[in-house]
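An overview of the molecular structure
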Amino acid sequence: MQSESPTSSIIVCTYQRAESLRETLAALKALEIAPGRSVEFIVVDNNSSDHTRQVVEQCQGDWPALRYEFEGAQGLSHARNHGIVCARGDTILFTDDDVLPAPDWLEQTIAGLERYGADACGGYIAPIWEAPPPAWLTERFYGFLAVRTDREDDYPIDSPSLAPFGANMAFRRAVFDKVGLFDTERGRKGKVLASGEDGEMFERILAAGMKAVFLGRSRVRHKVEAFRMTKAYIRRWRRQTSRNLALSKGLPGSRRIFNIPLYLFPQFLRAVGRMIGARFSASADEAFNREIIVFHFIGTFEGLFKARTSPRA
């Protein structure tokens, strides 16, 4: 434990990725830290059954700023909230257990927050491909892999649709004091790929009149395993995320069948028709994109149907 109070806290939430976490910690230990800045590093173990704790303890031998925390409630949002509560820094940065931050990531992120007077930010996420990506896996699908390479400049995040990914985002502590913690009904839970917690957080930040920016020079690299470069993985991600969003947010409409607004059914049928047509006339990535839209509807139907008995519905 550091004797002085840290000015910044870096949080890594982890689940069942001990050896990948070891590489992430090596990259974090190599970060450039400006004179006078005190940083703490917090690993939140989200109920792992592998040797995650041993990896952290091995690293702690010559790294007193590294802390280990355990969160037994399954879910990325639970783990992030645990880290926020434990953190002592005024600036809180997040990255993941399969990410390698650039040496200047910390300093670029803090400098960007200060330069724009921002309350929250996200940054550039480059892929580390475990295998060559297939031809259909174009940049339009990078969001499913938590990769963001579409722009390298700085720009305002003025819509939840522009929310950064958890592999590279940072907040002033005052943000959580004002808008609360991450929604634990959203986000990945174990092997369930549901998402949406980042966008919902930035939705609250913007609604509260706070400022968020994207920083092109705040950079990390994200490992993309071969199994994630498959259509099956992306279908599952889209279906589970859409189901989670429908369950937590719902949709408007008074005329319903099994809690599903009637207007969704013709939209779904048109999407199916476009998907079928694309198999004969569109490029490989466009054909798969139309298929993913169908899986969005399927997940939405599942979430709305389940929400019939949900107290959040």
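Our subject is the structure listed above.
Residues numbered from 1 in each chain as written. Predicted model: local features only at pLDDT ≥ 70, side-chain atom pairs only at ≥ 80, totals over all residues. Heavy atoms only, no water.

Looking along a regular strand, one sees side chains alternate from face to face of the sheet. Most of strand β9 (residues 212-224) sits inside the fold, with 10 of its 13 residues counted as buried. Sheet analysis places strand β5 (residues 99-101) next to β9, joined by 3 bridges and oriented antiparallel. Its bridge partner being in β9, Leu100 is matched across the sheet by Arg221. In this structure, strand β6 (residues 120-129) lies alongside β9, joined through 10 bridges in parallel fashion. Opposite Cys121, over in β9, you have Val213 as the bridge partner. Looking at chain direction, strand β7 (residues 155-156) and β9 are connected through 2 bridges and run antiparallel. Within the sheet, the bridge partner assigned to Pro156 lies in β9 and is Val213. (Buried < 20%, exposed > 50% of the residue type's maximum accessible area, 1.4 Å probe, protein only. Helix = DSSP H or I, 4+ residues; strand = E, 2+ residues; numbered from the N terminus. Pairing = 2+ DSSP bridges.)

To describe two helices that pack against each other, one gives the angle between their axes and the distance between the axes. Direction vectors running N to C along helix α7 (residues 231-249) and helix α9 (residues 284-306) enclose 35°, while the axes themselves pass 7 Å from each other. You can see that α7 and α9 cross each other, and the crossing is right-handed. On α9, the residues touching Lys231, Ile234, Arg235, Arg238, Arg239, Ser242, Arg243, Ala246 and Leu247 of α7 are Phe288, Glu291, Ile292, Phe295, His296, Ile298, Gly299, Thr300, Glu302, Gly303, Leu304 and Lys306. A breakdown of the residues in the contact of α7 with α9 according to their chemical character gives 8 nonpolar, 5 polar and 8 charged. (Axes fitted to C-alpha atoms, helices over the stretch in contact; angles between N-to-C directions. Left-handed = near helix turned anticlockwise from the far one by under 90°. Contact = heavy atoms within 4.5 Å. Nonpolar A, V, L, I, M, F, W, Y, C, P; charged D, E, K, R; others polar.)

Given 3.6 residues per turn, any residue in an α-helix points the same way as the ones three and four places further on. The end-to-end C-alpha separation of helix α8 (residues 264-281) is 25 Å, in line with the 26 Å expected for 18 residues at 1.5 Å each. Those residues of α8 not exposed but buried are Leu264, Phe268, Ala271, Met275 and Ala278. Projection of α8 onto a plane perpendicular to its axis shows the buried side chains occupying an angular sector of 80°, all on one side. Exposed residues pointing more than 90 degrees away from the buried face of α8 are listed as Leu269, Phe280 and Ser281. The inward-facing, buried residues of α8 abut β11 (260-261) and α9. (Expected span 1.5 Å × (residues − 1). Arc of directions from axis to C-beta.)

The tally for this structure, following the rule as stated, stands at 26 salt bridges. Here Asp285 ties to Arg140 by a salt bridge, and the two come within 3.4 Å at their closest N and O atoms. Here Asp285, found in helix α9, pairs with Arg140, found in the loop between β6 and β7; they are 145 residues apart in sequence, far enough to count as distant. Taking relative accessible area as the criterion, Asp285 reaches 17% and is therefore assigned buried. You can call Arg140 partly exposed: its relative accessible area is 39%. Salt-bridge contacts for Glu225 lead to Arg228; the nearest nitrogen and oxygen are separated by 3.4 Å. (Salt bridge = Lys/Arg side-chain N within 4 Å of Asp/Glu carboxyl O.)

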